[in-house]
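Structural description and commentary
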Amino acid sequence: MPEYKISAIEGNRQRLDGGSMFGNAPRPVWERWAAPDAVGRIELACRSLLIEGDGKKVLCETGIGAFFEPKLADRYGVQEPSRHILLDSLTKLGIDESQIDYVVLSHLHFDHAGGLLHSFAEQQAGKTDLLFSKAKYIIGKEAWERALKPHSRDRASFIPGMTEKLQASGRLVLIDGDHIPGLWQDRLRFVRTSGHTPGQLHTVFRGARATVFFAGDLIPGTAWVHLPITMGYDRFPELLIEEKAQIYESVVGEKWWTFYTHDSKVAMSHIAQDAGKYLPFEPQLNVTRFSL
């Protein structure tokens with residue numbers, strides 16, 4: 001039986017307003033979980049999940065990257081904005097971007113898809129093609145349609161010209177079902193949620209020993225495991241809470257690993273229910289070729 005391994009791939013970090021990240025939770029509550037800086041921003045990872053096995057490499061998300069021009073990079077608190085940290089992290093594992101077979105994008109907000117682009121300086125020098133040059137780009141049909149026609153409330157979250165680039169690549173695969181055609185049919189499947197944004201695509205990968213759930217913006221980090229906690233960026237917060245409760249039936253009941261894209265410290269954890277509350281436990285700070 002093939003062995004499957006997962007790794008947490010760190011990308012550029014960013015700092016965003018803590019109040020926006022914690023929705024209607026008051027600051028005296030959320031600042032115990034995430035210490036704000038002098039202007040009220042908290043540190044966020046933009047972490048990707050790499051799945052390797054059976055001769056294939058699948059990357060879930062590409063993070064925020066370094067594509068923003070300097071003014072916007074400052075506005076969104078992008079850290080080390082001149083370097084594409086995700087590519088550096090892959091290189092440390094001995095992987096070149098051209099070796100990735102599939103890139104799964106849960107949705108096309110800039111902090112999840114920006115890593116498809118070269119750095120701002122490289123774009124200025126003429127590198128306007130998409131990275132992961134041999135990969136198929138996997139996107140849910142509903143999330144794709146949202147990117148084509150965003151609501152005015154979240155229009156600024158999408159990267160101008162990204163859908164055109166993806167279409168022109170010839171490697172775009174829109175998913176309407178729950179599998180990638182021809183890949184790991186008995187191992188990899190998708191769950192959809194719409195509380196954060198319509199059609200967000202969550203990867204669920206089942207190994208021989210354990211299952212990992214890519215939480216995306218349904219559960220950005222351990223502070224958001226608590227059921228009522230949502231973000232101000234969520235399109236339908238009450239729906240999101242219902243979706244979290246539903247996925248917890250499997251996450252808790254079957255002891256899945258939950259992978260966090262935005263937690264500043266924890267890459268993944270298990271989740272348990274205690275006295276009616278959901279809590280993270282067994283936090284994994286660094287995940288490198290962890291066997292599933």
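The following paragraphs examine the structure supplied in this document.

**A few points about the overall build of the chain**
Summing up its helical and strand segments, the chain has 9 helices and 15 strands in all. Here the C-alpha atoms of the chain give a radius of gyration of 18 Å, agreeing with the 19 Å that 2.2 N^0.38 yields for 292 residues. Counting over 292 residues, the chain shows a buried share of 53%. Counted over contacts in the chain with a minimum sequence separation of 6, partners at least 24 positions apart contribute 67%. Only carbon and sulfur atoms are counted for the fraction: they give 49% of the accessible area of the chain, which is about 12,700 Å². Once the 34 positive and 36 negative side-chain charges of the chain are each reduced to a mean point, those two points are 2 Å apart.

**A word on the pattern of salt bridges**
By the definition in use, this model includes 12 salt bridges. Here glutamate 3 and lysine 5 are joined by a salt bridge, their closest N and O atoms 3.1 Å apart. When its relative accessible area of 43% is taken as the criterion, glutamate 3 is described as partly exposed. Lysine 5 sits in the partly exposed class, given a relative accessible area of 24%. The closest approach of N and O atoms between arginine 41 and aspartate 37, which form a salt bridge, is 3.3 Å. A cluster of three or more residues bridged by salt bridges with shared partners is formed by Glu10, Arg13, Glu43 and Arg47.

**Topic: the state of the cysteines**
As used in these notes, a disulfide is a covalent bond between sulfur atoms, one from each of two cysteines. Counting across every chain of the model gives 0 disulfides. Unpaired in this structure, cysteine 46 has its nearest cysteine sulfur neighbour in cysteine 60, at a distance of 15 Å.

**Quick look at unusual backbone geometry**
A positive phi angle is found at phenylalanine 132, which is not glycine, with a value near 60°. Examined against the element boundaries, phenylalanine 132 turns out to sit in the loop between α6 (120-124) and β7 (136-140). One non-glycine residue with positive phi stands out, namely alanine 275, at about 55°. On the secondary structure map, alanine 275 appears in the loop between β13 (268-274) and β14 (277-284).

**Comments concerning the packing of aromatic side chains**
Any aromatic ring pair is given by two values, namely how distant the centres are and how the planes are angled relative to each other. Tallied over the entire structure, the rule returns 14 aromatic pairs. Summarising the aromatic geometry, the rings of phenylalanine 22 and tryptophan 33 are spaced 5.7 Å apart at their centres and angled 50° between planes, so their arrangement reads as tilted. Pair noted here: phenylalanine 22 is in the loop between α1 (18-21) and α2 (27-30) and tryptophan 33 is in the loop between α2 and β3 (41-44), with a separation of 11 residues, a long-range link. Each ring, one from phenylalanine 214 and one from phenylalanine 259, has its centre 5.7 Å from the other, and the planes form 20°; the classification is stacked.

**Looking at the sheet that holds strand β1 (residues 5-9)**
Within a sheet, adjacent strands bond to each other through the backbone by hydrogen bonds, running parallel or antiparallel. Across the sheet, 7 strands lie side by side as β8-β7-β6-β5-β4-β1-β15; this open sheet has mixed pairing. The strands lining the two open edges of the sheet, one partner per strand, are β8 (172-175) and β15 (290-291). The pairing of β1 with strand β4 (residues 48-53) spans 5 bridges and is antiparallel. Its bridge partner being in β4, serine 7 is matched across the sheet by leucine 50.

**Topic: the pairing of strand β11 (residues 211-214)**
Both faces of β11 are covered, namely the face carrying Thr211 and Phe213 and the face carrying Val212 and Phe214. Bridge count between strand β10 (residues 200-206) and β11: 3 bridges; the pairing is antiparallel. Of the residues in β11, the one forming a bridge with phenylalanine 205 is valine 212. Between the antiparallel neighbours β10 and β11 lie 4 residues. Alignment of β11 against strand β12 (residues 257-259), held across 3 bridges, turns out to be parallel. Each residue of the ladder has a partner; that of phenylalanine 213, found in β12, is threonine 258.

**Re the sheet that holds β13**
Strand order in this open sheet of 6 strands is β9-β10-β11-β12-β13-β14, and the pairing throughout is mixed. Here the strands that pair on one side only, and so sit at the sheet edges, are β9 (188-193) and β14. Pairwise comparison of adjacent strand axes, ignoring direction, gives a mean angle of 30° for this sheet. In the packing of helix α9 (residues 237-253) onto the sheet, the strands contacted are β9, β11, β12, β13 and β14, and the crossing angle to β13 comes to about 100°.

**A word on the environment of histidine 151**
Within the element layout of this structure, histidine 151 appears in the loop between α7 (141-148) and α8 (162-169). Since its relative accessible area comes to 35%, histidine 151 is described here as partly exposed. Taking the C-alpha atoms as reference, histidine 151 lies 9.8 Å from arginine 235; in sequence the two are 84 residues apart. Ignoring any residue separated from it by four or fewer positions in sequence, one finds histidine 151 in contact with Arg146 and Arg235. Looking at histidine 151, its side chain comes within polar contact range of the main-chain nitrogen of arginine 153, at 2.9 Å. There is a polar contact of 3.4 Å between the side chain of histidine 151 and the side chain of arginine 235.

The rules behind these values
Residues numbered from 1 in each chain as written. Predicted model: local features only at pLDDT ≥ 70, side-chain atom pairs only at ≥ 80, totals over all residues. Heavy atoms only, no water. Helix = DSSP H or I, 4+ residues; strand = E, 2+ residues; numbered from the N terminus. Rg over C-alpha atoms; globule rule 2.2 N^0.38 Å. Buried < 20%, exposed > 50% of the residue type's maximum accessible area, 1.4 Å probe, protein only. Contact = heavy atoms within 4.5 Å. Areas by Shrake-Rupley, 256 points an atom, 1.4 Å probe, with all protein chains shown as cover. Lys, Arg positive; Asp, Glu negative; His and termini not counted. Charge placed at Lys NZ, Arg CZ, Asp CG, Glu CD. Salt bridge = Lys/Arg side-chain N within 4 Å of Asp/Glu carboxyl O. Disulfide = S-S within 2.5 Å. Phe/Tyr/Trp six-rings, centres within 6.5 Å; stacked < 30°, edge-to-face > 60°. Pairing = 2+ DSSP bridges. Axes fitted to C-alpha atoms, helices over the stretch in contact; angles between N-to-C directions. Polar contact = N/O pair within 3.5 Å; in protein donor to acceptor, adjacent residues only side chain to side chain.

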